[in-house]
Amino acid sequence: MTTVPSAFNQVEQAPPVAVFKLKDDYTADSAEEKINLGVGAYRDANGQPWVLPVVRSIEAQMINDPALNHEYLPISGLPAFCQAATKLCLGSDSKAITENRAGGVQALSGTGALRLAAEFLKRFYNTHVESTVVSYPDPTWANHDAIFRYAGFTDRRKYRYWDAKNRCLDLAGLKEDLLQLPEVSIVILHACAHNPTGVDPTQEQWKEIADVCKQKNHFPVFDSAYQGFATGDPDVDAWSIRHFEKCGFEFFVCQSFSKNFGLYNERVGNLAMVMKDPDSLTRSRSQLELIIRGMYSNPPNHGARVVATALCNPSSLGEWHDNIRTMSARIKQMRKSLHEKLKILGTPGNWDHIVNQIGMFSYTGLNQAQCEFMVKQKHIYLMKSGRISMCGLTEGNIDYFAQSLHEAVTKINENKL
Ligand SMILES: Cc1ncc(COP(=O)(O)O)c(C=O)c1O
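Quantities reported herein were computed from a predicted structural model and do not represent experimental measurements.

**Some thoughts on the packing of helix 3 (residues 79-90) against helix 12 (residues 302-312)**
Here helix 3 crosses helix 12 at 55 degrees, and the two axes come no closer than 9 Å. The orientation of helix 3 relative to helix 12 falls into the category oblique. Crossing of helix 3 against helix 12: the hand is left-handed. Residues Ala80, Phe81, Ala84, Ala85 and Leu88 of helix 3 pack against Ala304, Val307, Ala308, Leu311 and Cys312 of helix 12.

**Here's the deal with the environment of leucine 169**
Along the chain, leucine 169 falls in strand 6 (residues 168-169). With relative accessibility at 11%, the residue leucine 169 sits in the buried group. When the C-alpha positions of leucine 169 and valine 199 are compared, they lie 6.5 Å apart, and in sequence the two are 30 residues distant. Leave out the neighbours within four places in its chain, and leucine 169 touches Tyr161, Asp163, Leu174, Val199, Pro201 and Gln205.

**Examining helix 7 (residues 171-180)**
Within helix 7, the full set of buried residues consists of Leu171, Gly173, Leu174, Asp177 and Leu178. Down the axis of helix 7, the buried side of the element spans an arc of 165 degrees, and every buried residue falls inside it. Along helix 7, exposed side chains directed more than 90 degrees from the buried face belong to Ala172 and Gln180. Looking at the buried positions of helix 7, the neighbouring elements they touch are strand 4 (156-160), strand 6, strand 7 (186-190) and helix 8 (203-215).

**A word on the pattern of salt bridges**
In this structure the tally under the stated criterion is 17 salt bridges. Across the pair aspartate 145 and arginine 149 runs a salt bridge, and its minimum N-O distance is 3.6 Å. With aspartate 145 and arginine 149 both in helix 6 (residues 143-150), this residue pair falls 4 residues apart, about one helical turn. Residue lysine 376 is joined to glutamate 372 by a salt bridge in which the shortest nitrogen-to-oxygen separation is 3.4 Å.

**Brief notes about the packing of aromatic side chains**
For the structure shown, the criterion picks out 19 aromatic pairs. Three or more aromatic residues joined by ring pairs form one cluster here, namely Tyr42, Trp50, Tyr226, Phe229 and Phe361. Here the basic side chain of arginine 387 rests over the ring of phenylalanine 361, its NZ or CZ set 3.7 Å away from the ring centre.

**Thoughts on the site of the ligand**
Residues in contact with the ligand amount to 13 residues; listed here are only the nearest, Ser109, Thr111, Asp223, Tyr226 and Ser256. In this structure, an oxygen atom belonging to the ligand sits 2.8 Å away from a main-chain N or O atom of glycine 110. Taking threonine 111, its side chain carries an N or O atom lying 2.5 Å from an oxygen atom of the ligand. Out of a free accessible area of 400 Å², the ligand has 91% covered by protein chains. Of all the elements, helix 5 (residues 109-124) adds the most residues to the shell around the ligand, at 3 residues.

Quick notes on the rules
- Residues numbered from 1 in each chain as written.
- Predicted model: local features only at pLDDT ≥ 70, side-chain atom pairs only at ≥ 80, totals over all residues.
- Heavy atoms only, no water.
- Axes fitted to C-alpha atoms, helices over the stretch in contact; angles between N-to-C directions.
- Helix = DSSP H or I, 4+ residues; strand = E, 2+ residues; numbered from the N terminus.
- Parallel < 35°, antiparallel > 145°, perpendicular 65-115°, else oblique.
- Left-handed = near helix turned anticlockwise from the far one by under 90°.
- Contact = heavy atoms within 4.5 Å.
- Buried < 20%, exposed > 50% of the residue type's maximum accessible area, 1.4 Å probe, protein only.
- Arc of directions from axis to C-beta.
- Salt bridge = Lys/Arg side-chain N within 4 Å of Asp/Glu carboxyl O.
- Phe/Tyr/Trp six-rings, centres within 6.5 Å; stacked < 30°, edge-to-face > 60°.
- Lys NZ or Arg CZ within 6 Å of the ring centre and 35° of its normal.
- Near = heavy atom within 4 Å.
- Polar contact = N/O pair within 3.5 Å; in protein donor to acceptor, adjacent residues only side chain to side chain.
- Areas by Shrake-Rupley, 256 points an atom, 1.4 Å probe, with all protein chains shown as cover.

Shown next, in the form of structure tokens:
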């Protein structure tokens, strides 16, 4: 009998996804002093995952609510969630909401919202052009490229964002690159707490970015994965989005509730859309429903119901605000503490960016060789770009981290490896 080889025997082994690989390496490491600074998830003062108290109490009510069941949600998700999420990003005084030209569809977290946006835009945006350009910051969250690539966008370009020398925003480069894109390009913008740099434009800089986008008729897609998590105030963190609405843009916001509600594995997201008129929104929504139907039919209920309950109920809303303040305050405290420790150690260089950066991540400025030293010699797991998650630092490990960073900077330079 001849053995027929597998139909898949030519499939190439794909490379591991860096951030998940880092976590596996960390788990496999038996060193007691190990620290995981790769993970993009909040950790409490003891380094443990944190279920927000507001989420715990809503879940406790849900368990005992006889009105709840496991029926399918509508294709576009839980209406109360989509409305509340859209209002959260656009604000309670949004003109677009009042004029019924803004609305949302539930998505499988932020990644799913981006993917829905990409699928929809590929089919319905600027279709008379052979290949619409999509542009994202350099650097950006690693998945942006993959999401738009898998949706069929072949012309994907980076715009300058990070000024490595001065460790700040390269506004001039950013504007120049956006101006050089073809008219009506799709431009991905991080609404706040830019991942990986932790550097956001100021309000004045956002105005300049909006002006350039207007001039070139670009279509903004906001990635909003950290609303509330950055400053502790969801309204402050949505300033950029709300400014673009005031400027009269049509745009999308891809919202994640992973970080600000700690609902990572529940996959809670919303694709909020602002359009010029209610009819365009209604028709677009109908097409999105077909896309969703063909991909996963309808979204899960649990996390969306938790978020909707929290956002629609004044006492839960207050508790959520307290919870996000707790998370962002702990991160700010770790930034301050690390900054002070490096000063005391006399670590060469300027470390002010540690306190000036915002949100979950810090772009330390460590080079690849220094990062390798941290992982291999110190059991401190960080991305090779030098990005660290501030959430991985605690009072218990920050001294060891600061000392190790000091050693990396003083002992290792690129030429030695
Ligand atoms: C910038 C950015 N966008 C989107 C996401 C999507 O996360 P999720 O799919 O868990 O909501 C992340 C997660 O790390 C992120 O950092």
